[in-house]
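Take a look at the letters that make up each chain.
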Amino acid sequence: MKYDYLIVGAGLFGVVAAHEMTKAGKKCIVLDRRGHIGGNIYTEDVEGICVHKYGPHIFHTKNKKVWDYINKFAEFNHYINMPVANYKNEIYNLPFNMNTFNKMWGVKTPDEARAMIDAQRLKSGIKEPKNLEEQALFLVGRDIYEKLIKGYTEKQWGRDCKDLPPFIIKRLPLRFVYDNNYFDDPFQGIPVGGYTPIAEKMLENCEVRLNTDYFDFIARNPGIAKKTVYTGAIDEFFGCRFGALEYRSLRFETKILPTDNYQGNAIVNYTEREVPYTRVIEHKHFAFGNQPNTVITHEYPAAWERGLEPYYPINDERNNALYEKYKALADGQDDVYFGGRLGQYKYFDMDKVIAEALDFSERV
Ligand code: UDP
């Protein structure tokens, strides 16, 4: 056997695992179907602007160990994510905070805002939210749900808010202070120069094959490695024998515009149902750029079908139950490990992926 580890996928889980294993003296080879490393954190330079090719990636974490770890590979800027929402040309601050409540209802104090939300919660009659709609009404009341959540969520996930799990909306903070920081985490920023150099550094001493499909590769090179770390879709690994897991996909339309500042913010969400995209990204604002031109991306949610990128797992009860069946098969494999958003079928943020990859590397 030529290698100790065959690592399938050069996304964040794969590159951290490859780095740690190589550091521990293991011989690794990394494969990726795509023509570049980094998976969905991949960034590239366009007009001197660092473009997030697969959607905006803002690094944020509560985990000091993960923050110290990633800082060994990059310097981070002081970007704080403060997206705004455009609902029928009204602009609201996110996440839901005193600025949002002031714009929505004209209230000025936390007591006034709480009273508005409490009254709307009471009217909804919900005590134990069972789906995303109920969770949203319970947390923030009907006005915010209808203007800032319902349309965005239904286009993002392609289904009714009543058919989505409550946890998705609990990702967003709700606070009664004038604070537009989208995250509650103490560590946040964007790597100077983008994410691709991080993946490059992590793979420095490791063999990498791009444009390489695992199933073709392993058919041609059976037994090439003692162990496999698989970060692709777990159902695909097992030939979807219990049925296919569901994913949500995205489509990006990126263009260069001859203006130095198109929208005044890195992220503007379009929360009404009728606008077909969910958000517009102006990449230069992630790095406080002052280039003469700008690069913007319209992000369109899309139904997933085989051949498209599976960006988001749909962690509802049906899919989670199906995943458990694949997980049981995976646990029975001595020489294959599954990791990352697709391998573990979890809506992980980047910090969680790193934590999982570090845990995994320590364990094995
Ligand atoms: N969401 C919303 N309105 C917004 C932004 C987010 O209703 O303006 C909801 C939506 O359901 C989304 C979820 O909150 O899927 C999580 O948003 P987040 O920004 O964490 O999504 P990501 O950046 O991972 O796509």
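The following paragraphs examine the structure supplied in this document. Note that this is a predicted model, so its numbers are computed, not measured.

Considerations on the packing of helix H3 (residues 98–105) against helix H6 (residues 142–157)
Next up, step 1: Between H3 and H6, the shortest axis-to-axis distance is 11 Å and the interhelical angle comes to 100°. Here H3 is positioned roughly perpendicular relative to H6, judged by the angle of their axes. Packed against H3, whose contacting residues are Thr100, Phe101, Met104 and Trp105, the element H6 presents Asp143, Ile144, Lys147 and Leu148 at the interface.
Next up, step 2: Tallied by class, residues from the contact of H3 with H6 come to five nonpolar, one polar and two charged.

Structural notes on the site of the ligand
Next up, step 1: Taken together, 17 residues surround the ligand, and among them Leu148, Thr153, Tyr182, Tyr312 and Tyr347 come closest.
Next up, step 2: With respect to the ligand, the side chain of Tyr182 contributes an N or O atom lying 2.6 Å from an oxygen atom.
Next up, step 3: If the ligand stood free it would expose 530 Å²; the protein chains cover 93% of that surface.
Next up, step 4: Counting residues per element, the shell around the ligand draws most heavily on H6, at six residues.
Next up, step 5: A class-by-class count of the residues in the shell around the ligand yields 11 nonpolar, four polar and two charged.

Section: the state of the cysteines
Next up, step 1: The tally for this structure, following the rule as stated, stands at zero disulfides.
Next up, step 2: Take Cys28: it sits in no disulfide, and the sulfur closest to it among the cysteines is that of Cys206, at 4.9 Å.
Next up, step 3: On the basis of relative accessibility, which here comes to 5%, the residue Cys28 falls in the buried class.

What about helix H5 (residues 132–140)?
Next up, step 1: Of all the residues in H5, the buried ones are Leu132, Glu133, Gln135, Ala136, Leu137 and Val140.
Next up, step 2: On its buried face, H5 is in contact with H3, helix H4 (110–124) and H6.
Next up, step 3: For H5, the N-terminal capping position is held by Asn131, with its side-chain oxygen 3.1 Å away from the main-chain nitrogen of Glu133.
Next up, step 4: Positive backbone phi, at 85°, marks Gly141, one or two positions downstream of H5.

Some points on the packing of aromatic side chains
Next up, step 1: A full pass over the atoms with the stated rule returns 33 aromatic pairs.
Next up, step 2: Ring geometry for Trp157 versus Tyr347: centroids 5.9 Å apart, planes at 65°, classification edge-to-face. You can see Trp157 sitting in helix H6 and its partner Tyr347 sitting in the loop between helix H11 (340–343) and helix H12 (350–363), a full 190 residues away along the chain.
Next up, step 3: Arranged with centres 5.6 Å apart and planes meeting at 65°, the rings of Tyr214 and Tyr230 form a pair that is edge-to-face. In this pair, Tyr214 sits in helix H8 (residues 214–220) while Tyr230 sits in strand S10 (residues 225–230), placing the two residues 16 residues apart along the sequence.
Next up, step 4: Under the relative-accessibility criterion, Tyr230 is labelled buried at 2%.
Next up, step 5: In textbook terms, an aromatic cluster arises when at least three aromatic residues are bridged by ring pairs, as seen for Tyr214, Phe215, Tyr230, Phe237, Phe238, Phe242, Tyr326 and Phe338.
Next up, step 6: When the ring centre of Phe176 is taken as origin, the NZ or CZ atom of Arg114, which lies over that ring, is 4.4 Å away.
Next up, step 7: One residue, Arg171, lies across the ring of Tyr347, its end atom 3.9 Å from the ring centre.

Observations concerning the sheet that holds strand S16 (residues 336–338)
Next up, step 1: Across the sheet, five strands lie side by side as S9-S2-S1-S10-S16; this open sheet has parallel pairing. Of all the strands in the sheet, just strand S9 (207–209) and S16 have a single pairing partner and so form its edges. Neighbouring strand axes in the sheet, compared pairwise and without regard to direction, differ in orientation by 20° on average.

Comments concerning the environment of Val275
Next up, step 1: Looking at the secondary structure, you find Val275 in the loop between strand S12 (267–270) and strand S13 (279–282).
Next up, step 2: The sequence separation of Val275 and Phe176 amounts to 99 residues, and the corresponding C-alpha distance is 29 Å.

Criteria and thresholds
Residues numbered from 1 in each chain as written. Predicted model: local features only at pLDDT ≥ 70, side-chain atom pairs only at ≥ 80, totals over all residues. Heavy atoms only, no water. Axes fitted to C-alpha atoms, helices over the stretch in contact; angles between N-to-C directions. Helix = DSSP H or I, 4+ residues; strand = E, 2+ residues; numbered from the N terminus. Parallel < 35°, antiparallel > 145°, perpendicular 65-115°, else oblique. Contact = heavy atoms within 4.5 Å. Nonpolar A, V, L, I, M, F, W, Y, C, P; charged D, E, K, R; others polar. Near = heavy atom within 4 Å. Polar contact = N/O pair within 3.5 Å; in protein donor to acceptor, adjacent residues only side chain to side chain. Areas by Shrake-Rupley, 256 points an atom, 1.4 Å probe, with all protein chains shown as cover. Disulfide = S-S within 2.5 Å. Buried < 20%, exposed > 50% of the residue type's maximum accessible area, 1.4 Å probe, protein only. Phe/Tyr/Trp six-rings, centres within 6.5 Å; stacked < 30°, edge-to-face > 60°. Lys NZ or Arg CZ within 6 Å of the ring centre and 35° of its normal. Pairing = 2+ DSSP bridges.

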